[in-house]
Amino acid sequence: NSRNLFLKIIVASLFLTFPFVANAQHTFSIVAVDSVTGEIGSAGATCLDIDDLGGEEGALVISDIILGIGSINTQAFWSPTNQVAARERMVLGDSPQEILAWLEINDPAPGNASSRQYGIVDLIGGPGGTSRSAGFTGDTNAPVANHITGPNYAIQGNILISQEVLDDMETGFLNTPGTLADKLMGAMQGAKRIGADSRCTNNQTSSK
């Protein structure tokens, strides 16, 4: 069923083999938790496909779910070095905001923090616990670039056709009933318009 497929996708994201550096501008994504069930999820889309990304599966490469703790999406000038560093900080117990502060100061990957984008959410105490979120958009991201955070979610995007892509993702997430998987899909449907990733305008699609 769709729930099992969603969980398989989550698990698959933990076993990616990353190239050393991928300078891919992944575009719009969301990370979220369900504080009632303890579920953790991530979803995203980009106008780059498997050929553009040297065999990686589109936006899946940006997602890192740490089971029982939280989720981190690292995008824009993406590097596995930063993704691994963010994961290590989360495993050590840093809050989403502390992880972002560490990455901004240290930024271990090629490039610099001004070209990065992150969305981070965690859940302290498991089901019934407290969720925390944070987002970061460097000031040299290709416009339109921004992020939105709420108590249990972070939405972020760059190279967008408009800010409304992110606003409508938030509306879709908040107003879609059902499971966390349903709400994540609601966020992605909120972004669906020609050129949501502005590079896909000529394709007449929102993303690939």
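Reading the values: rules and limits
Residues numbered from 1 in each chain as written. Predicted model: local features only at pLDDT ≥ 70, side-chain atom pairs only at ≥ 80, totals over all residues. Heavy atoms only, no water. Helix = DSSP H or I, 4+ residues; strand = E, 2+ residues; numbered from the N terminus. Expected span 1.5 Å × (residues − 1). Buried < 20%, exposed > 50% of the residue type's maximum accessible area, 1.4 Å probe, protein only. Contact = heavy atoms within 4.5 Å. Salt bridge = Lys/Arg side-chain N within 4 Å of Asp/Glu carboxyl O. pLDDT = per-residue confidence, 0-100.

Enquirer: Mind laying out helix α2 (residues 80–91), listing which residues take part and the relevant values?
Expert: For an α-helix, the turn length of 3.6 residues means that residues three or four places apart are oriented alike. Taking 1.5 Å per residue, twelve residues should reach 16 Å; α2 reaches 16 Å between its end C-alpha atoms and fits that length. Three or more residues of α2 are buried, namely Pro-80, Asn-82, Gln-83, Ala-85, Ala-86 and Met-90. Buried residues in α2 make contact with β4 (63–66), β5 (70–77), α3 (96–106) and β6 (116–124). Downstream of α2 by a residue or two, Gly-93 has a phi angle that is positive, lying close to 105°.

Enquirer: Describe the environment of Ala-113, naming the residues involved and giving the relevant values.
Expert: Tracing the sequence through the fold places Ala-113 in the loop between α3 and β6. Separated by 13 residues in the primary sequence, Ala-113 and Leu-100 place their C-alpha atoms 9.9 Å from one another.

Enquirer: Tell me what's going on with the pattern of salt bridges, and back it up with residues and numbers.
Expert: For the structure on display, the rule yields five salt bridges. Two residues, Asp-94 and Arg-89, come together in a salt bridge whose shortest N-O distance is 2.9 Å. Arg-116 is the partner of Asp-107 in a salt bridge, and the nearest nitrogen-oxygen pair spans 2.7 Å. We note that Asp-107, like Arg-116, is buried.

Enquirer: A description of the confidence of the model for the protein should follow, citing residues and the corresponding values.
Expert: Across the protein, the average pLDDT comes to 84, with 81% of residues at 70 or higher. Model confidence for the protein, summarised as mean pLDDT per element, is weakest for helix α1 (residues 2–12) at 38 and strongest for strand β8 (residues 146–150) at 98. Segment residues 1–24: pLDDT under 50, and 43 contacts once partners within four positions in sequence are set aside and those in other chains are kept.

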